[in-house]
Structure formats: structure tokens, C-alpha cells
Amino acid sequence: MMRTDLNERLATELREWMPVGQRYLVALSGGRDSMALMHFLNVAGYRDLVLCHVNHCLRGEESDGDEVLVKETGEAMGLRVFSTRIGVKAIAEKRKLSIETAAREVRYSWFAEVARKEKCCRVVTAHHSEDQVETVLINFFRGSGSRGISGMKCHSHRDVDGVELELFRPLLAVERERIDKYVEVNGIAFREDSSNAEAFALRNRVRHRLLPEVESIFGRNVRGAVLRAAELSRRDEAWMQANLDNLSVKMSKGLDVKRLRELPEALRDRCIMGWLRESGVPNCGFDEVSRVSEVAMSMDRPAKLSLPGDFHVRRREGVLFLEGPQP
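Fair warning: this is a prediction, and the values are worked out from it, not measured in the lab.

Cut-off values and rules
- Residues numbered from 1 in each chain as written.
- Predicted model: local features only at pLDDT ≥ 70, side-chain atom pairs only at ≥ 80, totals over all residues.
- Heavy atoms only, no water.
- Pairing = 2+ DSSP bridges.
- Helix = DSSP H or I, 4+ residues; strand = E, 2+ residues; numbered from the N terminus.
- Contact = heavy atoms within 4.5 Å.
- Axes fitted to C-alpha atoms, helices over the stretch in contact; angles between N-to-C directions.
- Buried < 20%, exposed > 50% of the residue type's maximum accessible area, 1.4 Å probe, protein only.
- Polar contact = N/O pair within 3.5 Å; in protein donor to acceptor, adjacent residues only side chain to side chain.
- Core = buried A, V, L, I, M, F, W, Y, C linked by side-chain atoms within 4.5 Å.

(A) Fine view of the sheet that holds strand β9 (residues 311-316). Taking strand neighbours across the sheet as the criterion, the 4 strands line up as β7-β10-β9-β8 in an open arrangement whose pairing is antiparallel. Since the sheet does not close on itself, it has two edges, and those belong to β7 (255-256) and β8 (304-307), each with one partner. Contacting β7, β8, β9 and β10 (319-323), helix α12 (residues 265-278) runs over the sheet at an angle of about 30 degrees to β10. With respect to the sheet, helix α13 (residues 286-297) is in contact with β8, β9 and β10, its orientation differing from that of β8 by roughly 165 degrees.

(B) The arrangement of the environment of S109 in detail. Tracing the backbone through its elements, the reader meets S109 in helix α5 (residues 99-118). We classify S109 as partly exposed; its relative accessible area is 28%. Sequence separation between S109 and D180 is 71 residues, and the spatial gap between their C-alpha atoms is 29 Å. Contacts of S109, omitting those with residues within four sequence positions, involve V160 and D161. In terms of polar contacts, S109 uses its side chain to reach the side chain of D161, at 3.1 Å.

(C) Structural context of the nonpolar core. Within the largest apolar cluster, 30 residues are counted, with the highest numbers of intra-cluster contacts made by L6, M18, L41, Y46 and L49. Elements with a minimum of two residues in this core: α1 (8-17), β1 (24-27), α2 (32-43), β2 (49-55), α3 (61-77) and α8 (176-186). Top element by residues in this core is α2. It accounts for 6 residues. M240, C271, V289 and L320 belong to the second largest nonpolar core, which has 27 residues in total.

(D) Here's a closer look at the pairing of β8. Here β8 shows a clear split, with L305 and L307 buried on one side and none of K304 and S306 buried on the other. Bridging between β8 and β9 involves 4 bridges; their strand directions are antiparallel. Note on β9: the bridge partner recorded for L305 is V313. Joining the antiparallel neighbours β8 and β9 is a turn of 3 residues, in which G309 adopts a positive phi near 75 degrees.

Right, dumping it as C-alpha cells:
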């Protein structure tokens, strides 16, 4: 478990899983958290850093000021800065996404573009423990399973526009109060994002309305409990994932129905979910997996089910197999 303070002990632990000698792309918004991360990485001995910034063009002069600070920071530290300006609001309207989701997609697409140019797929972000709490709660109320409730990982991978980004979140176990103190003690310049106080974003509503109300009801700080639940879910998720390859369920044509029926429900559903995703079936969730599981367990005929993306699942002669969309 990562330590929850920004000091030499955290830096020492960080070097064990994030080697100092490699190049990293650092997501730098200009805000308090990312500027603290930039300073901490520098103090910890990381020198081959490339700063990545996206001006979302959402806050006029404020957004432009963020961009200026990032560029000045890079210049002062002798680091290269890749900055882009993208009208996120127009993209959100065109793709029918929330501003928050569109902004996230735009950022990761920019990271992937810079990764290609720099031949470096390692990206460092400033997510901290408060972000983790909010992520876990959002996923919980969306009905996610253990994978979603376990939250973000300190080290993970994400495929973006054909580029497999390697994501590092060194501050994920660090409390926001610790970051505030670190910024104050070290006199780190940062920009305050006024939109963080607005209720248009789901994450902001969770932070400013849901969490305070829950803590008022329970009469205590619940963030630690949420993080413990996330850690327990992460361990369960890791155990199940590690055991999937040893279940002997997959066949050349599909899944072995007899073997599926012998598995506990949780492992059976996990096998089906992984199989559907690997096969390219879009928008797989609890409902789709439950329906496919019913086909596998049922003795009735015909055994056919329609899935998103014009896919169909069939059960025939002891095999569960997929038929893809017709050209």
C-alpha cells in the first residue's frame, strides 16, 4: 500500500514501480494537484519528463491562464511542453456526451497523440484519494461490479486510438489535505479552476453534495470506509481474474457449456463478460451477461439470443458461440 504523505518515503516507494531513468508524459492542467505532482516528481529525481496540457476552451481567459502557467513551468524547468486547444463544448454536443466525459476523451486522445510523437506511452496523472472516493461512488451508483467498485489503479493500461497507454497515478493514496499542505509549504504556483465549484459535472455534485450529505447522516467521515471497500473489491477482482485462465472453459469455437454450468455464478459471469468483450460485443453489462448466462444454463430450445452490435449468441451441441454482424 502506498504511503499517504508526500515525502522521501513515498518517493522511495514510487521508484520501486516507476523507474526514474525512463521518460514519462505528465498530464499537467495547471491546477493544484498536477502542479504538486510536477514538483514532487522533480524532487524525487525524475528528469526526463514531457508536459502534456489540454486547453478545453471552457473558461475563457481562465483556461488561457492555465495554459500560460504550464508553458512557463516547462520553460523554467527545461522541459518540453505539448499543449493543444480544443473546443470541448462543441465536441460534447456533437457526440452527445457530458462536458466531463468529452473533456476526458479529448485529454486521453491528446496523450495518445503525444505518445506517438515521443515514442513514450507512459503517462502520469495527479489523481488522489478524493478522486478515488468519488470514482468508487459513481461506479457504485451506476451498478458496476467489483471491477468498477475497486476504482482506479496506481498502475494500469488503457488503449486509446490504437495506442496502449501505461498509466501511473503516484498520488492515488494521498489525501487532498496532504497535497494542500505540500503546495503551501513549498510555495508552488497553481491555478484555481472555478468550474470545480459548479454543479454541472457529476463528479462535482458527488464531491459537494452527496459526500457531505452522507457524512452528515452517518455523523463521521466515510471516505476511509469507501477506500477500504474499494481495496477489498480490488483484491477480489484480482483473485477472480487470476483464476480465469485455469477454468478450462474456452474452446476453439466458443465456451464449454458443461464447464460453465459447473462454475459458481460469479466466475461463470466473469468468464462470459470477458468472452463477450474479447469478441468485440459492444456495451456489455450486467443485463447482457445475465441473459447469456441464462442461455448457457437453460435446457430449452431454441437457444439463441440477440446482443448489442447485431451479435447473436447460440448454444448448440454443448458449445456457446457467437455469430457476428452480417456484412
